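For reference, the chains in residue letters:
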Amino acid sequence: MIRGLDAAVAARDRALPGLATLLDPDAFAEALDTALPIAGIEGARAVYMRYKPATNCLVAYRVRTGEGEHDVYARAHAPGATDKLDKARRRSDRASPLGPGGFVLDGAAIAVHVFPHDRRLRELPSVARKGARVQTLRSALPSHPELWEAEARTLRYKAERRWVAQLRGADDARAVLKVHTAGRFRQA
């Protein structure tokens, strides 16, 4: 059950009908479990939040299943944000460890995105998944074949902003890989 300041914020912001669900890890996990019954959602823990009153709220979660933990983020929208919700619905055909790569919790106007499917980090699937990463690293690092088949370990994932991973390749070769939005790439 949502409590304290989160409950007060959700009660005040009537423009975002899904805010109470999004700010309550138990309610969010239950909504995910209902939407994805095959995934076996056991719980959720919020790890990051960005809130714009009366506009939207993004919460990144670590979602626990019998298979381990998975990165998921969700964004509560005002009901009039049909174009953004429709885009999330179109991502349902992309596969993820939990089933669809994106979907909408309709009654709450919440768009859900499952890692590596990120609304703004469009290149993330090409480097987060091993098979696609090999091709990308071959192209990006032609003089470093020891990193082409490197394993990637997430160091930091900030939904819709950046993903930072450690690459570990052959002969203990290491590198850091960063994926940013196009606008933030130049700054980095």
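The following refers to the structure shown. (Residues numbered from 1 in each chain as written. Predicted model: local features only at pLDDT ≥ 70, side-chain atom pairs only at ≥ 80, totals over all residues. Heavy atoms only, no water.)

Structural notes on the sheet that holds strand β10 (residues 174–180)
Thinking step 1. Reading across the sheet, the three strands line up as β8-β9-β10 and stay open at both edges, with antiparallel pairing between neighbours. Edge positions in the sheet fall to β8 (151–158) and β10, since each has one partner strand and no second. Strand-to-strand twist in this sheet, taken as the mean axis angle between neighbours without regard to direction, amounts to 20°.
Thinking step 2. Direction of pairing for β8 relative to strand β9 (residues 162–168): antiparallel, over a ladder of seven bridges. Note on β9: the bridge partner recorded for Tyr157 is Trp163. (Pairing = 2+ DSSP bridges. Helix = DSSP H or I, 4+ residues; strand = E, 2+ residues; numbered from the N terminus. Axes fitted to C-alpha atoms, helices over the stretch in contact; angles between N-to-C directions.)

A look at unusual backbone geometry
Thinking step 1. Here the residue pair Phe115 and Pro116 is connected by a cis peptide bond, since its omega of 10° sits within 30 degrees of zero.
Thinking step 2. Tracing the chain through its elements places Pro116 in the loop between β7 (110–114) and α5 (124–128).
Thinking step 3. One non-glycine residue with positive phi stands out, namely Ala54, at about 65°.
Thinking step 4. Along the chain, the position of Ala54 falls in the loop between β1 (41–52) and β2 (56–65).

Notes on the packing of aromatic side chains
Thinking step 1. Inspection of every chain in the model, using the stated rule, returns three aromatic pairs.
Thinking step 2. Here the aromatic rings of Phe115 and Tyr157 are separated by 5.0 Å at their centres, their planes lie at 70°, and the arrangement is edge-to-face. Remark: Tyr157 occurs in strand β8 and Phe115 occurs in the loop between β7 and α5; sequence separation between them is 42 residues.
Thinking step 3. Judged by relative accessible area, which is 11%, Tyr157 ranks as buried.
Thinking step 4. With 6.0 Å between their ring centres and 50° between their planes, Phe115 and Trp163 make a pair best called tilted. Taken as a pair, Phe115 in the loop between β7 and α5 and Trp163 in strand β9 lie far apart in primary sequence, 48 residues in all. (Phe/Tyr/Trp six-rings, centres within 6.5 Å; stacked < 30°, edge-to-face > 60°. Buried < 20%, exposed > 50% of the residue type's maximum accessible area, 1.4 Å probe, protein only.)

Details of the pattern of salt bridges
Thinking step 1. Evaluated as defined, the whole model comprises 11 salt bridges.
Thinking step 2. Linking Arg62 and Glu69 is a salt bridge whose minimum nitrogen-to-oxygen distance equals 3.4 Å.
Thinking step 3. Note on Glu69: relative accessible area 37%, which makes it partly exposed.
Thinking step 4. When the shortest N-O distance is used, the salt bridge between Asp172 and Arg168 registers 3.1 Å.
Thinking step 5. You can call Arg168 partly exposed: its relative accessible area is 39%.
Thinking step 6. Connected through salt bridges with shared partners, the residues Arg45, Arg62, Glu69 and Asp71 form a single ionic network. (Salt bridge = Lys/Arg side-chain N within 4 Å of Asp/Glu carboxyl O.)

A closer look at the nonpolar core
Thinking step 1. Counting residues in hydrophobic clusters, the biggest one holds 28 residues, and the most contacted among them are Leu22, Phe28, Ile110 and Val112.
Thinking step 2. For this core, the elements supplying multiple residues, two or more each, are α2 (19–23), α3 (25–35), β1, β2, β3 (68–77), β6 (102–105) and β7.
Thinking step 3. Discounting residues that sit within four places of it in the chain, Phe28 has contacts with Thr21, Leu22, Ala44, Tyr61, Val72, Ala74, Leu105 and Val112. (Core = buried A, V, L, I, M, F, W, Y, C linked by side-chain atoms within 4.5 Å. Contact = heavy atoms within 4.5 Å.)

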